[in-house]
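# Structural description and commentary
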Amino acid sequence: QVQLVESGGGLVQSGGSLRLSCAASGRITAINDMAWYRQAPGKQRGLVARIMHDGSSTLADSVKGRFTISRDNSENTAYLQMNSLKPEDTAVYYCNANIREGLSAWENHWGQGTQVTVSP
């Protein structure tokens, strides 16, 4: 019943910026961490950034200084601000979150993904 929906992907030139959004909906009691992963064709899915409920966050070394993760708890939404984009950032970006829905236990959820393409 809980859904994560990503938006904001697209095509951008090297050095450009994009802002991704991840909106959670459903019978949500609480959201713990929210995270962004990415996966390029033929590559393993890897963690890009993670943010806890209190706003503390971690970033992959490859995106430090360029990406920022944030969240709006009142809207159950996480964001990924991506600046100084490089061709190697090209991938499908997935939202992930640990969510307690209704009276159920904590469960892990994935969004459908949004494509980010960075041209040389």
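Now for a description of the structure that goes with this document. All figures in this text were calculated on a predicted structure; none of them were measured in a lab. (Residues numbered from 1 in each chain as written. Predicted model: local features only at pLDDT ≥ 70, side-chain atom pairs only at ≥ 80, totals over all residues. Heavy atoms only, no water.)

### Thoughts on the state of the cysteines
Rule in force here: By definition, disulfides here are pairs of cysteine sulfur atoms that lie within 2.5 Å. By the criteria applied, helices consist of DSSP H or I runs no shorter than four residues and strands consist of E runs no shorter than two, each listed in order from the N terminus.
With the rule as written, the count across this model stands at one disulfide. Between the sulfur atoms of Cys22 and its disulfide partner Cys95 the distance amounts to 1.9 Å. Where Cys22 bonds to Cys95 through sulfur, the torsion about that S-S bond is close to -80 degrees, and the disulfide is left-handed. Of this pair, Cys22 sits in strand β3 (residues 18-25) while Cys95 is found in strand β9 (residues 91-101), placing the two residues 73 residues apart along the sequence.

### Focus: the pairing of strand β5 (residues 46-51)
Inclusion rule: At least two bridges found by DSSP between two strands is the condition for calling them paired.
Relative to β5, strand β4 (residues 28-39) runs antiparallel, the two sharing five bridges. Among the inter-strand pairings, Trp36 is bridged to a residue of β5, identified as Ala49. Connecting β4 to the antiparallel partner β5 that follows it, the hairpin turn spans six residues, and Gly42 within it adopts a positive phi of roughly 75 degrees. As judged from the three bridges shared by β5 and strand β6 (residues 57-59), these two strands associate in the antiparallel manner.

### What to know about unusual backbone geometry
Quick note on the threshold: Type-normalised accessible area, obtained with a 1.4 Å probe on protein chains alone, sets the label of each residue: buried when under 20%, exposed when over 50%, and partly exposed for intermediate values.
Unlike most non-glycine residues, Asn76 shows phi in positive territory, near 50 degrees. Following the sequence through the fold, Asn76 ends up in the loop between β7 (67-72) and β8 (77-82). Positive phi, close to 50 degrees, is recorded for Ser84, a residue that is not glycine. As for its position among the elements, Ser84 is in the loop between β8 and β9. Residue Ser84 is classed as partly exposed on the basis of its relative accessible area, which comes to 40%.

### Regarding the packing of aromatic side chains
Rules: Each Phe, Tyr or Trp ring (for Trp, its six-membered ring) is paired with any other whose centre lies within 6.5 Å, and the angle between the two planes then decides the class: stacked below 30 degrees, edge-to-face above 60, tilted in between.
Throughout the structure, instances matching the rule amount to two aromatic pairs. Judged by centre distance (6.4 Å) and plane angle (85 degrees), the ring pair of Tyr94 and Trp110 falls under edge-to-face. Of the two residues, Tyr94 is situated in strand β9 and Trp110 in strand β10 (residues 106-110); the sequence distance between them amounts to 16 residues. Given the relative accessible area of 39%, Trp110 is considered partly exposed.

### Brief notes about the environment of Gly55
Summarising the element assignment, Gly55 is placed in the loop between β5 and β6. Taking relative accessible area as the criterion, Gly55 reaches 40% and is therefore assigned partly exposed. Counting along the chain gives 11 residues from Gly55 to Gln44, while the straight-line C-alpha distance between them is 27 Å.

### What to know about the pattern of salt bridges
To keep it simple, the criterion reads: A pairing counts as a salt bridge when a side-chain nitrogen of Lys or Arg comes within 4 Å of a carboxyl oxygen of Asp or Glu.
With the rule as written, the count across this model stands at four salt bridges. Between Asp61 and Lys64 there is a salt bridge; the shortest N-O distance is 3.1 Å.

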